[in-house]
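# Observations on the three-dimensional arrangement
Here is what each chain is made of, one letter per residue.
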Amino acid sequence: MAMLSHEQVRVGDTLPPLTLRPINRTTLALYAGASGDHNQIHIDIDFARKAGMPDVFAHGMLSAAYLGRLLTAWVPQSQLRKITVRFTGITQLGHVPHLTGHVAEELEQNGERCVRVEIRCENQYGEHKVVGDAIVALS
Amino acid sequence: MADKSLIGRSTGVTTVEVEKGRLRFFAKAIGETDPIYTDEAAAKAAGYRSLPVPPTFLMCLESEGRNPQSIVEDVMGFDLGRILHAEQGFTYHAMAFAGDVLTFDTHIVDVYEKKGGALTFVVQETRVTNQAGEHIADLRSSLVQR
């Protein structure tokens, strides 16, 4: 993937969106194993119910990892300077993560020409689950 | 229960070797289709020395060799069934690759309440360096007990 230059990017540009398959129990089991996050609330329905939740639910960091994919499908990872995300809602089983982003601002940081990209993960009902920004350096 | 006396406390200094198998398993778990994250030849063709550590995987490596459940329950005094991840930040200084040996140095940097004490937040920061002492990234993680 070629480096993205400042001539190729404008405020308001949108990133190619990414839609994932619906979240199921296998998704969560695989993410628990691969990430090393073994919190039972994401994989054991008995534990989740004892904690007052109707069922297991997705790791917030799974959606954050999908946002990482959204960004690295747009620019080489070597251009990523920062990602900040807030977890605003719980992703339940059956939710379909839909990832979008747009260029919000041009800025200079540590002598590099950069853009701030607003990114979000929402479900099929348009409910925001993770919102955040990324700083991307441009050549 | 977490209070401001925790600020400054270390929650671990751990060193982890980045393994290719772990990276491929993570790529599978997140549905990654870009071959540079699973195929070393593709990664090298893209100019990388081996499989890259993807942007959020640093947080997974941070928990290696630690007992996150014990940190949450015994250090923060939180109930595992009532905590949620509120915010996560990554500041990148250099990329990390399979074969690197990364050190994660974590401290509690803030503790605060919201909604009249109904929510307690604990913020941790982690400095990540590689085997050459190069500064790879800084992680910032905020947990909340509801």
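Below is a short write-up of the structure. (Residues numbered from 1 in each chain as written. Chains lettered and ligands numbered in written order. Predicted model: local features only at pLDDT ≥ 70, side-chain atom pairs only at ≥ 80, totals over all residues.)

## Regarding the overall build of chain A
Within chain A, the regular secondary structure consists of 3 helices and 5 strands. Moving toward the C terminus, one meets the helices and strands of chain A in the order β-α-α-α-β-β-β-β. The dimensions of chain A, computed from C-alpha atoms along their principal axes, are 55 × 30 × 25 Å. Within chain A, buried positions represent 39% of all 139 residues. Within chain A, contacts between residues separated by at least 24 positions form 66% of all contacts whose residues are at least 6 apart in sequence. (Helix = DSSP H or I, 4+ residues; strand = E, 2+ residues; numbered from the N terminus. Buried ≥ 20, exposed ≤ 12 C-beta atoms within 10 Å, placed from the backbone. Contact = placed C-beta atoms within 7 Å.)

## As for the interface of chain A and chain B
Accessible area lost on assembly of the parts is the figure often given for the size of an interface. Contact residues are listed per partner, giving 34 residues for chain A and 30 residues for chain B. Broken down by secondary-structure element, the contributors of at least two residues to the side of chain A that touches chain B are α1 (25–35), α3 (60–72) and β2 (80–87) of chain A. Looking at the side of chain A that touches chain B element by element, the count peaks at 10 residues for α3 of chain A. Grouping the constituent residues of the side of chain A that touches chain B by class yields 18 nonpolar, 10 polar and 6 charged. Pairing of β2 of chain A with strand β2 (residues 83–92) of chain B involves 5 bridges; the strand directions are antiparallel. When the sheet's bridge partners are listed, lysine 82 of chain A is paired in β2 of chain B with threonine 91 of chain B. (Nonpolar A, V, L, I, M, F, W, Y, C, P; charged D, E, K, R; others polar. Pairing = 2+ DSSP bridges.)

## Brief notes about unusual backbone geometry
Positive phi, close to 50°, is recorded for asparagine 110 of chain A, a residue that is not glycine. Looking at the element boundaries, asparagine 110 of chain A is found in the loop between β3 (98–109) and β4 (112–122). A tally of 8 C-beta atoms within 10 Å means that asparagine 110 of chain A is categorised as exposed. A positive phi angle, close to 50°, is found at lysine 115 of chain B, a residue other than glycine. Here lysine 115 of chain B is to be found in the loop between β3 (101–114) and β4 (119–129).

## Looking at the sheet that holds strand β1 (residues 10–17) of chain B
Taken in spatial order, the 10 strands of this open sheet run β1(A)-β3(A)-β4(A)-β5(A)-β2(A)-β2(B)-β5(B)-β4(B)-β3(B)-β1(B), and their pairing is antiparallel. The two strands at the open ends of the sheet, each matched to only one other strand, are β1 (18–19) of chain A together with β1 of chain B. Both β3 of chain A and β4 of chain A contribute to a ladder of 11 bridges, which runs antiparallel. Bridge assignment links threonine 100 of chain A to a residue of β4 of chain A, and that residue is arginine 120 of chain A.

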